[in-house]
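# Examining the three-dimensional arrangement
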Amino acid sequence: MTVTEETTPISHYERIGGAAAVKAAVELFYEKVLADPDLAGYFTDVNMPEQRRHLALMLAVVLGGPNEYAGRGLAEAHQPLNIPVAHYAKVGEHLTATLVELGAPADVIADVHVVLGQVQDQVVSAGNA
């Protein structure tokens, strides 16, 4: 093993299994969200295959994987939906449950929670914060 290999940290993305693990997480996450009567309505007119692809690309970035996301920003995509903080929290709960169910390490889940906190203001409607 070289010095570089010993000192280069492995990303959360790599630790959980890369693209295949992210895809599995996105599938399970949307099963949970679409089964939630408080959240399903947000996706009535959404192209779900495209939505899944967008989330997988975004989640890869959050986990330290490749940055190939080229879609709209969080605020642009979510502010028109008038999402209240309670619904944002439920989405976070579903994401956490998904990661736990798939066996993600606790530190990975904790770091995802940090990101959720950092982007909340971009997703939650200003009138609902």
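In short, a report on the structure. (Residues numbered from 1 in each chain as written. Predicted model: local features only at pLDDT ≥ 70, side-chain atom pairs only at ≥ 80, totals over all residues. Heavy atoms only, no water.)

### Re unusual backbone geometry
One non-glycine residue, Asn 82, lies in positive phi territory at about 55°. Mapping Asn 82 onto the fold places it in the loop between helix H5 (74-78) and helix H6 (85-101). (Helix = DSSP H or I, 4+ residues; strand = E, 2+ residues; numbered from the N terminus.)

### Quick notes on the layout of surface pockets
The space that makes up the largest pocket amounts to roughly 890 Å³. Those elements that place two or more of their residues in the lining of the largest pocket are helix H3 (18-34), helix H4 (48-62), H5, H6 and helix H7 (106-123). Grouping the amino acids of the lining of the largest pocket by side-chain chemistry returns 23 nonpolar, five polar and one charged. Its boundaries defined by the atoms lining it, the second largest pocket holds a volume of some 190 Å³. Where the lining of the second largest pocket is concerned, the elements lending two or more residues are H3 and H4. Of the residues assigned to the lining of the second largest pocket, the class counts are eight nonpolar, no polar and five charged. (1 Å grid on protein atoms, 1.4 Å probe; cavity = no way out; pocket = protein on both sides within 12 Å on 5 of 7 lines; lining within 4 Å. Points joined across faces, edges and corners; volume = space filled by probe spheres on them. Nonpolar A, V, L, I, M, F, W, Y, C, P; charged D, E, K, R; others polar.)

### Digging into the side chain of His 94
The residue His 94 is located in helix H6 in this model. For His 94, a relative accessible area of 17% translates into the label buried. Excluding anything up to four places from it in sequence, His 94 contacts Phe 29, Lys 32, Val 33, Asp 36 and Leu 39. (Buried < 20%, exposed > 50% of the residue type's maximum accessible area, 1.4 Å probe, protein only. Contact = heavy atoms within 4.5 Å.)

### Comments concerning the pattern of salt bridges
Under the criterion given, the structure shown has six salt bridges. Between Glu 27 and Arg 52 there is a salt bridge, with its nearest N and O atoms 3.2 Å apart. You can see Glu 27 sitting in helix H3 and its partner Arg 52 sitting in helix H4, a full 25 residues away along the chain. Relative accessible area serves as the criterion here: at 21%, Arg 52 is assigned to the partly exposed category. Here Asp 36 ties to Lys 90 by a salt bridge, and the two come within 3.2 Å at their closest N and O atoms. One end of the pair, Asp 36, is in the loop between H3 and H4; the other, Lys 90, is in helix H6, and 54 residues separate them in sequence. Asp 36 gets classed as buried once you look at its relative accessible area, which sits at 7%. Because the salt bridges share partners, they merge into one network encompassing Asp 36, Asp 38 and Lys 90. (Salt bridge = Lys/Arg side-chain N within 4 Å of Asp/Glu carboxyl O.)

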